[in-house]
Amino acid sequence: MTDMTKPARDGAGPGPDAVQVIGGGRESLVPGTPLLEVDDLHIKFHTRDGVAKAVNGVSYSVAAGETLAVLGESGSGKSVTAQAIMGILDMPPGKITKGSIRFRGEDLLTMSPKARRAVRGRKIAMIFQDALSSLNPVLSVGYQLGEMFRVHQGAGRKEAKEKAVELMERVRIPAARQRVGDYPHQFSGGMRQRIMIAMALALEPDLIIADEPTTALDVTVQAQVMDLLAELQAEFNMGLILITHDLGVVADVADKIAVMYAGRIVETAPVHELYARPAHPYTKGLLNSIPRLDQKGQNLYAIQGLPPSLLRIPSGCAFNPRCDRVQDVCHTELPRLVPVLDAEGADLPGRRSACHFWKETLHG
Amino acid sequence: MGRYVVRRIIQAIPVILGATFLIYALVFLLPGDPIAALAGEKRQDPAVVAVLRDRYHLDDPFFVQYWDYLTGLFKGDFGEDYRGNQVVDVMQRAFPYTINLAFVALAIEMAVGVTAGVVAALRRGKFIDNVVLISTLMVISIPVFVIGFVLQLVIGVKLNTDYGIDFFPVSFNEEAGFRSYLLPGYVLASTSLAYVARLTRTSLIEVMRADYVRTAVAKGLSPLRVVVRHGLRNALIPIVTFLGMDLGGLMGGAVITEGIFNIPGVGHQLFQSVYLRERTIVVGIVSALVMVYLFANLVVDLLYAVLDPRIRYE
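Residues numbered from 1 in each chain as written. Chains lettered and ligands numbered in written order. Predicted model: local features only at pLDDT ≥ 70, side-chain atom pairs only at ≥ 80, totals over all residues.

## Overview of the domain arrangement of chain B
Residues and elements named next belong to chain B.
Then, in step 1: The assigned domain composition of chain B is domain 1 (2-74) and domain 2 (94-307).
Then, in step 2: Domain 1 and domain 2 are separated by 33 Å when their C-alpha centres are compared.
Then, in step 3: Secondary-structure elements contributing two or more residues to the side of domain 1 that touches domain 2 are α1 (2-29) and α2 (34-39).
Then, in step 4: Here the side of domain 1 that touches domain 2 gets 10 residues from one element, more than from any other, and that element is α1.
Then, in step 5: The residue makeup of the side of domain 1 that touches domain 2, split by class, is 12 nonpolar, 2 polar and 1 charged. (Domains from an automatic or database assignment. Helix = DSSP H or I, 4+ residues; strand = E, 2+ residues; numbered from the N terminus. Nonpolar A, V, L, I, M, F, W, Y, C, P; charged D, E, K, R; others polar.)

## Thoughts on the interface of chain B and chain A
Then, in step 1: Facing the 18 residues of chain B at the interface are 22 residues of chain A.
Then, in step 2: Within the residue set of the side of chain B that touches chain A, elements represented by two or more residues are α9 (211-218) and α10 (223-252) of chain B.
Then, in step 3: Here the residues of the side of chain B that touches chain A sort into 7 nonpolar, 4 polar and 7 charged. (Contact = placed C-beta atoms within 7 Å.)

## A closer look at the nonpolar core
Then, in step 1: The biggest cluster of nonpolar side chains holds 166 residues, and the ones touching the most others in it are A198(A), I209(A) and I241(A).
Then, in step 2: Here the element with the most residues in this core is helix α5 (residues 87-122) of chain B; it accounts for 15 residues.
Then, in step 3: Residue contacts for I209(A): discarding those within four places in its chain leaves A82(A), I85(A), M86(A), I124(A), M126(A) and I241(A). (Core = buried A, V, L, I, M, F, W, Y, C linked by C-beta atoms within 7 Å. Buried ≥ 20, exposed ≤ 12 C-beta atoms within 10 Å, placed from the backbone.)

## Section: the sheet that holds strand β6 (residues 124-127) of chain A
Residues and elements named next belong to chain A.
Then, in step 1: Read from one edge of the open sheet, 8 strands run β6-β7-β8-β3-β9-β10-β12-β11, paired in mixed fashion. Either end of the sheet is taken by a strand with one partner, and the two such strands are β6 and β11 (338-341). Strand-to-strand twist in this sheet, taken as the mean axis angle between neighbours without regard to direction, amounts to 25°.
Then, in step 2: Taken together, the 4 bridges between strand β3 (residues 67-71) and strand β9 (residues 256-261) define a ladder with parallel strand orientation. Residue pairing in the sheet places A69 in a bridge with I257 of β9. (Pairing = 2+ DSSP bridges. Axes fitted to C-alpha atoms, helices over the stretch in contact; angles between N-to-C directions.)

## Examining the packing of α5(B) against α10(B)
Residues and elements named next belong to chain B.
Then, in step 1: Look at α5 against α10: their axes get within 10 Å of each other, and the N-to-C directions meet at 145°. Pair α5 / α10 crosses with right-handed handedness. When α5 is examined against α10, the residues T98, A102, A105, L106, E109, M110, V114, V118 and L122 are found in contact with a partner set consisting of V227, L232, I239, L243, L247, L250 and M251.
Then, in step 2: Of the residues belonging to the contact of α5 with α10, the class tally is 14 nonpolar, 1 polar and 1 charged. (Left-handed = near helix turned anticlockwise from the far one by under 90°.)

## Some remarks on the sheet that holds strand β2 (residues 50-63) of chain A
Strand pairing in a sheet is mediated by backbone hydrogen bonds. Such pairs are either parallel or antiparallel.
All names here are of chain A.
Then, in step 1: Taken together, 4 strands build an open sheet; the order of strands is β2-β1-β4-β5 and the sheet is antiparallel. Two strands bound the open sheet, and with one partner strand each, they are β2 and β5 (106-107).
Then, in step 2: Both strand β4 (residues 94-103) and β5 contribute to a ladder of 2 bridges, which runs antiparallel. Across the sheet, the residue bridging to R102 is D107, located in β5.

## Focus on the confidence of the model for chain B
All names here are of chain B.
Then, in step 1: Put simply, chain B has an average pLDDT of 85, and 99% of its residues get 70 or more.
Then, in step 2: Highest mean pLDDT in chain B belongs to helix α6 (residues 127-141) (92); lowest belongs to α2 (73).
Then, in step 3: Across the whole predicted complex the pTM is 0.80, and at the interface the ipTM reaches 0.81. (pLDDT = per-residue confidence, 0-100.)

## Looking at unusual backbone geometry
Residues and elements named next belong to chain A.
Then, in step 1: Of note in the backbone geometry, A175 takes a positive phi value of approximately 50° without being a glycine.
Then, in step 2: Structurally, A175 is set in the loop between α6 (157-170) and α7 (176-179).
Then, in step 3: We classify A175 as exposed; it has 10 C-beta atoms within 10 Å.
Then, in step 4: You will see that N237, though not glycine, has its phi angle at about 60°, which is positive.
Then, in step 5: Considering the arrangement of structural elements, one finds N237 in the loop between α9 (219-236) and β8 (239-244).

## Description of the pairing of β9(A)
All names here are of chain A.
Then, in step 1: Within β9, 6 of the 6 residues are buried, which leaves it mostly tucked inside the rest of the structure.
Then, in step 2: The two faces of β9 match: K256, A258 and M260 on one face and I257, V259 and Y261 on the other face are all buried.
Then, in step 3: Of the strand pairs in this sheet, β9 and strand β10 (residues 264-270) are connected by 6 bridges, and their pairing is antiparallel. Bridge pairing in β10 links Y261 to R264.

## Examining the domain arrangement of chain A
Reports often express the size of an interface as the amount of accessible area lost when the parts come together.
Residue and element names in this part refer to chain A.
Then, in step 1: When cut into domains, chain A gives domain 1 (30-254) and domain 2 (261-290 + 303-363).
Then, in step 2: Put simply, the middle of domain 1 and the middle of domain 2, counted by C-alpha atoms, are 28 Å apart.
Then, in step 3: On the domain 2 side, the residues contacting the 19 residues of domain 1 number 14 residues.
Then, in step 4: Ranked by the residues each element gives to the side of domain 1 that touches domain 2, the list is headed by β2, at 9 residues.

So, in structure tokens, the structure goes:
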């Protein structure tokens, strides 16, 4: 870890000043600066039917200017991890039982609620999936955008509105000045998602978490929104966590991918290597189920079975009931996330797999 | 929106006609003779009775009487009672008391009810939530006249005699002014207050689960701002409906409360007039109440559009 991530807080203890210092100013955001490190995160949900183990030891990191795609089916724990990072997990029923989330060296989980709130929205912002339900229906978009400046920067009503117009122009909403007083339902789906993006960008955060930002949109609009997001990320050198189940969205914008299954990361890899040579049967299955033009007329591949219930995760490897490479060891021993080596035994940077048979999967 | 208002006012006309007709018919059908009621137990001079019956057209057929009343009403003439008082004067005397009482009650409902509901919603399942739920259930279960008499005794009398706190008058007292309305206002509000608290609680719990509240939290807003600006603002829509509807009820339903606290308001007057078969006063007051009710309804519907921009009236 570099000096840049040393805790900015000194012996003075957690006061309002300390809140200001966390993360420092924008100028310190050099590409490659580690921003977020999630380490061995465990999250459980206490439900009526028992304890659901939603996240079981997830670790990942994001640096400035970097895009991490977290890929997984619904229920894989990708969104829950993101909510824990944002501090918007519903607790109870949720409970973080183990692990740490460090943002620029500061552990978010042990921070005071007030300090946490200063990070939220200002340093780490989130874009939600369904912009229509995620925007307040009774407040104008101008108000909702301007609120960021009013609350975090003490801006006046007029100044906040002015900045809201600027934001709307930045995400290329036509006639921003005329539309600033409009309400969310008066915008199209794509425009609403742009407003969500504008809201996340408002205070130029270091890190943006986008939770399925394009799922609710038409395909053509999806591409526009993803391009916009990638462009703005490059402009501000932000870190970006892109949570999705859509392999197509990931390919163009992500630098590295973490594939999640039943609350664990089963494979990590730089994006193109993962597409070229997956090292986990689950990833392989996902890639095989993408419809391809050169396989016209053939049946689509589908991974057999369903993801496990988080109340009863299979022992050993959670993927074992659905895996076509399953052996006895898969039922008894939990595979650790180990480095993936190439045929000569050299380390492949950034590549890890949680499969007993990663070698066979990768090379076979 | 202007056209919408005009349409609503036009729609109100048959409602008012129907209401006056019904009330007029019901009072007409009541047993007992209004002229006989004037003298109580005493014997009346048949000549005087004949003059009075003629003056008030009491021997005309029902529809003729109703028609006369209605044409008078459209000329702004509410008629006069059997003592020769103008009904308008009687109403002008009684209504201010009832309006004051209703608005005090409404203010108490909003202040206490909404606050209790918000607190219960935010502390859901905790001790204070149960306190709110159980106490509101009790208030809903107890009839108003019981609450009225008990509070009158405990706060109006005992507080004064035992603790020397002479703030809440036992019964209505012109000199005490505003203070006189507090205790009856609370009694009148009690049942609705309990409903408002429960409605607020349910509505806010629902809204706090919404995605946009999660967004508000993710924006780093303070909990107070999240609840008030983003939560309550949305939760308020059903509460405003209830309060608007209730205003009509508070105006007309104060008969018992006005009776207990001796307030010379509309409820009191209405009760007396029914007893004395004062047809014109009963019909006049009820018609006025119907109009208040319709007006409150219209205001509520227009408030919807203010509270929720997705609602537009064409």
